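Chains, contacts and geometry: an overview
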Amino acid sequence: MTRPAPLGFGLGLRPIYYEEIISTHPPVDWFEIISENYMTGGGRPTAMLERVRADYPIVMHGVAMSLASTDPLDVDYLRELKALAERVEPAWVSDHLAWTGVHGISLHDLLPIPYTRESLDHVAERVMRAQDFLGRRLVVENASTYVTFRESEMSEWDFLAELTRRADCQLLLDVNNVVVSGFNHGFDANVFIDAIPVERVVQFHMAGHTDNGTHRIDTHDQPVCEDVFALYERAWRRFGPVSTMIERDDNFPPFDELLSELARLREIAARADAEGKRSEAA
Amino acid sequence: MTLAELQARFQAGVLAGHEDGASILESVKNSRRADRTTLFGVYVNAYRLRFVEFLVADYPALRALLGEEAFQALADAYIDAEPSRKRNARWYTSRLPDFMRGDEAWRGNARAIDLALFERALTDSFDAADAESLRLDALAAFAPDDWPSLVFGFHPSLILLELSAGTTATHTAAVEGAELPEPSAGAEHVAVWRADLDSVYRALEPDEFLALSLALDGHAFGDICQMAAFRDESEASPERIAQLLTGWFEEGLVASAGVRGEKGE
Ligand SMILES: [Fe+2]
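Keep in mind the model is a prediction, meaning the values are calculated, not measured. (Residues numbered from 1 in each chain as written. Chains lettered and ligands numbered in written order. Predicted model: local features only at pLDDT ≥ 70, side-chain atom pairs only at ≥ 80, totals over all residues. Heavy atoms only, no water.)

Turning to the sheet that holds strand β2 (residues 30-34) of chain A, a few remarks are in order. Residue and element names in this part refer to chain A. Taken in spatial order, the eight strands close into a barrel running β1-β2-β3-β4-β5-β6-β7-β10, and their pairing is parallel. Strand-to-strand, the axes of this sheet are offset by a mean angle of 30°, without reference to chain direction. Alignment of β2 against strand β3 (residues 58-61), held across four bridges, turns out to be parallel. Across the sheet, Ile-33 pairs through a bridge with Met-60, a residue of β3. Against the sheet, helix α8 (residues 226-239) touches β1 (9-12), β6 (170-174), β7 (201-206) and β10 (243-246), its axis set at about 170° to β7. (Pairing = 2+ DSSP bridges. Helix = DSSP H or I, 4+ residues; strand = E, 2+ residues; numbered from the N terminus. Axes fitted to C-alpha atoms, helices over the stretch in contact; angles between N-to-C directions. Contact = heavy atoms within 4.5 Å.)

Moving on to the packing of aromatic side chains. Enumeration according to the criterion identifies 26 aromatic pairs over all chains in this entry. Against the face of Phe-133 of chain A rests Lys-82 of chain A, its NZ or CZ located 5.8 Å from the ring centre. For Arg-33 of chain B, the ring lying beneath its charged end belongs to Phe-183 of chain A, and the centroid distance is 3.8 Å. (Phe/Tyr/Trp six-rings, centres within 6.5 Å; stacked < 30°, edge-to-face > 60°. Lys NZ or Arg CZ within 6 Å of the ring centre and 35° of its normal.)

What follows is about the coordination of the iron ion. All names here are of chain A. Taken together, Glu-141 (OE), Asp-174 (OD), His-205 (ND1) and Glu-247 (OE) make up the protein donors of the iron ion, found 1.9 to 2.3 Å from the metal. Around the iron ion, the four donor atoms sit at angles spanning 86 to 176°, and that spread fits a shape best called irregular. The class for Glu-141 is buried, based on a relative accessible area of 1%. Residue Asp-174 is classed as buried on the basis of its relative accessible area, which comes to 0%. (Donors = N, O, S within 2.8 Å, 3.2 Å for Na, K, Ca; no water. Tetrahedral: all angles 85-135°; square planar, octahedral: opposite > 155°, others 65-115°. Buried < 20%, exposed > 50% of the residue type's maximum accessible area, 1.4 Å probe, protein only.)

Right, let's get into α8 of chain A. Residue and element names in this part refer to chain A. Compared with an ideal rise of 1.5 Å per residue, which puts 14 residues at 20 Å, α8 spans 20 Å between its outermost C-alpha atoms and is within 8% of the ideal. Of the residues making up α8, those classed as buried are Val-228, Phe-229, Leu-231, Tyr-232, Glu-233, Ala-235, Trp-236 and Phe-239. Positive backbone phi, approximately 75°, marks Gly-240, located one or two places after α8. (Expected span 1.5 Å × (residues − 1).)

Turning our eyes to something else, we now look at the pattern of salt bridges. Under the definition given, this model contains 40 salt bridges over all chains. The partner of Asp-198 of chain B in a salt bridge is Arg-44 of chain A, with the nearest N and O atoms 2.9 Å apart. Here Arg-44 of chain A lies in helix α2 (residues 44-55) and Asp-198 of chain B lies in strand β4 (residues 198-204), a pairing that spans two chains. By relative accessible area, Asp-198 of chain B is classed as partly exposed at 36%. Two residues, Arg-53 of chain A and Glu-89 of chain A, come together in a salt bridge whose shortest N-O distance is 3.6 Å. Linking Arg-53 of chain A in helix α2 with Glu-89 of chain A in the loop between α3 (75-88) and β4 (93-96), this pair joins segments that are 36 residues apart in sequence. (Salt bridge = Lys/Arg side-chain N within 4 Å of Asp/Glu carboxyl O.)

It is worth spelling out the confidence of the model for chain B at this point. Counting all residues, the mean pLDDT for chain B is 94, and 96% of those residues have values of 70 or more. Model confidence for the complex: the whole-complex pTM is 0.95, and ipTM, which rates the interface, is 0.96. (pLDDT = per-residue confidence, 0-100.)

On to the interface of chain B and chain A, then. Counting residues at the interface gives 49 residues for chain B, matched by 54 residues for chain A. Carbon and sulfur atoms supply 59% of the area that chain B and chain A bury against each other, a total of about 4,100 Å² over both sides. Per-residue buried area on chain B facing chain A is highest for Leu-3, Tyr-43 and Arg-87 of chain B; these three make up 20% of the total on that side. For Asp-74 of chain A, the salt bridge is made with Arg-87 of chain B, and the minimal N-O distance between the two is 2.6 Å. (Buried area = accessible area lost by both parts, 1.4 Å probe.)

As a further point, take the packing of α3 of chain A against helix α4 (residues 117-134) of chain A. Residue and element names in this part refer to chain A. Where α3 contacts α4, the two axes come as close as 10 Å, and the packing angle between them is 45°. Considering their axes alone, α3 and α4 lie oblique with respect to each other. Crossing handedness for the pair α3 and α4: right-handed. Of the residues in α4, those in contact with Val-75, Leu-78, Arg-79, Leu-81 and Lys-82 of α3 are Ala-130, Phe-133 and Leu-134. Of the residues contributing to the contact of α3 with α4, the split by class is six nonpolar, no polar and two charged. (Parallel < 35°, antiparallel > 145°, perpendicular 65-115°, else oblique. Left-handed = near helix turned anticlockwise from the far one by under 90°. Nonpolar A, V, L, I, M, F, W, Y, C, P; charged D, E, K, R; others polar.)

Turning our attention to the side chain of His-209 of chain A. All names here are of chain A. Within the element layout of this structure, His-209 appears in the loop between β7 and β8 (210-211). His-209 gets classed as buried once you look at its relative accessible area, which sits at 8%. At 2.7 Å, the side chain of His-209 and the side chain of Asn-176 are in polar contact. Of the polar contacts made by the side chain of His-209, one reaches the side chain of Arg-216; its length is 3.4 Å. Ignoring any residue separated from it by four or fewer positions in sequence, one finds His-209 in contact with Asn-176, Val-179, Val-180, Arg-216, Ile-217, Asp-218, Thr-219, Gln-222, Cys-225 and Val-228. (Polar contact = N/O pair within 3.5 Å; in protein donor to acceptor, adjacent residues only side chain to side chain.)

Written out as C-alpha cells, the structure is:
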C-alpha cells in the first residue's frame, strides 16, 4: 500500500491566527482544519479557509464521527463531511478511535473503549462503511485516554494495528497522546511506537499536555514537552518522513512560538535523516 | 459486558455529573498512581468545564449582566436539563434562550432572556450561509406594473428581533466592560446580519420592523404597503416603504427579487 507523499511540517488552522497567516504567509508547509468548524454555513470561517487553501495544502481532521459508538453511524454528518471534503479537497480526512456519545447524545469528547474483539469488529466495520460513504480511505488517530477497562483483551497498539489491516485504513499517530496514555496506563511509549505498522502511518500530531502528578491530561494548551520531542525522534526514525503538525487548541501563544516549535521538529527530523544515511553508508 | 452496555454506563456516569458510585467504575482499573474514581472523574469534570466554556464563548454579555455566580447557576441548570443532541458542538448553545423562557427560575427575567436572544442572533448570523447581495439596479429589470407583486429574498444571515428596550445598549456596555445601563421599559427592534464577515446590527423603527418582517415572510411589495397602512403605521406610505427597501439593498440585505408567482422569485 502506498502512503500519500509527506506534506512536511504543518500547523492547526485556528481562527486567532487567520489574519496573520493570510497577511504574512508564514513558512508553514500545510494546515490542518477541524472539519466541524467549517460545517456550519458560511461567513468568516469559510472565507478564511478559502484564502488559506489557495496557498497551502489542507488536511481535514474531525472530532465527531464517533467511530467507536454503538449508536448508528450518523449519515447526515457523513454527508456534510463529504460535501466539505469535495469543497476543500484535503490531502486526507481523519478522525479518532473514540466515541462521543450514545442514545443520540453527544458529550463532545473523545471517549475511550475497551480493546476487545467485539470493539475491533465493531469499529472495523464502521470505518469500512464510513470509507465507502466518503469514497476515500480514512486516517484514524489514537486518542489520549485516562481509564483502562477490565474488559480489554489486547493492547491499544495491537488493536490499532489490527484495525488498519481489517479496515484497510491509515493512521494518524498522535505522539503526545502516546506519551499521555502511556503515563496514565503505565505502558512504555516506545513499545507502542515499535508495534505500529510502518506503512499505515501518514501523519503525526504533536502537542503539549498537563501533568497532574498521578495522571496526565491531554490539554493541547502547552508547548510540546521534552518526552514528546524524544518520542517524536524515535517515531521519525521508524516511520520515515511523515507529515507532522502541532496541535495547539488553547492558551494560544504568538504565532512565532509555534514556528519555533516547528523549526525544532524540522531539526530533529533532519538529524535523524542524516544519522540514518550515515549508518546506511557505514 | 457488551460495548453498548459499557458505553451506556460510561455516559450515564458523565451526565450524572459525579464520579462517585458510577456503575462504570466496576469496569475501570486503578492505575499505578491513581484510583479509578479519579481517572473516570477526568471525563466527568472535563464534560462540565467544556460545556460551560461553550456557553461562556457564546454569551459573554449575558455573563457580564448576570455575574459569575448566577451565570454558572444558569449554565449548570441548562447543562443538566439539556444534554447535547447535536453532532457539532457549534449548535449546543443555541437553545439557551429557549431554555430560559421555559424555566421557572428564568422565565421572568426578560432582560436576561432578550440579551441571550440578541447574542444568539450575533452568533448565528456570523456563520450563516453565504449569499450574493443583489444590487439595487437589478430592480430596473422589472416593469412598474410588476412592482406591487415583487417579492424579495434576504441574506441568510438576516435576523429580526423585538427585544426589551436597552438590550443592545446593555450588550455594548458589557462587551466594552463599561457600567451596564439601568433597565428601561418598552421595546426595541433590531436587525442583525453579517457584513464584511462580521455580525452587525442596527435599530429599526417600528414601521421598518413591520415592513421588513413582512418582506422576510415573503409578502409582496404591494401587500406590505397595504398591511403596514392597515396596522395604522401612518408613516408607512408606499414612498416610505420604497425608501426603506432602497436602504435594505444598500446594506446588502436583499439577495433576490422576483415577481410573485413567476419562476425565479
Ligand atoms: Fe491529536
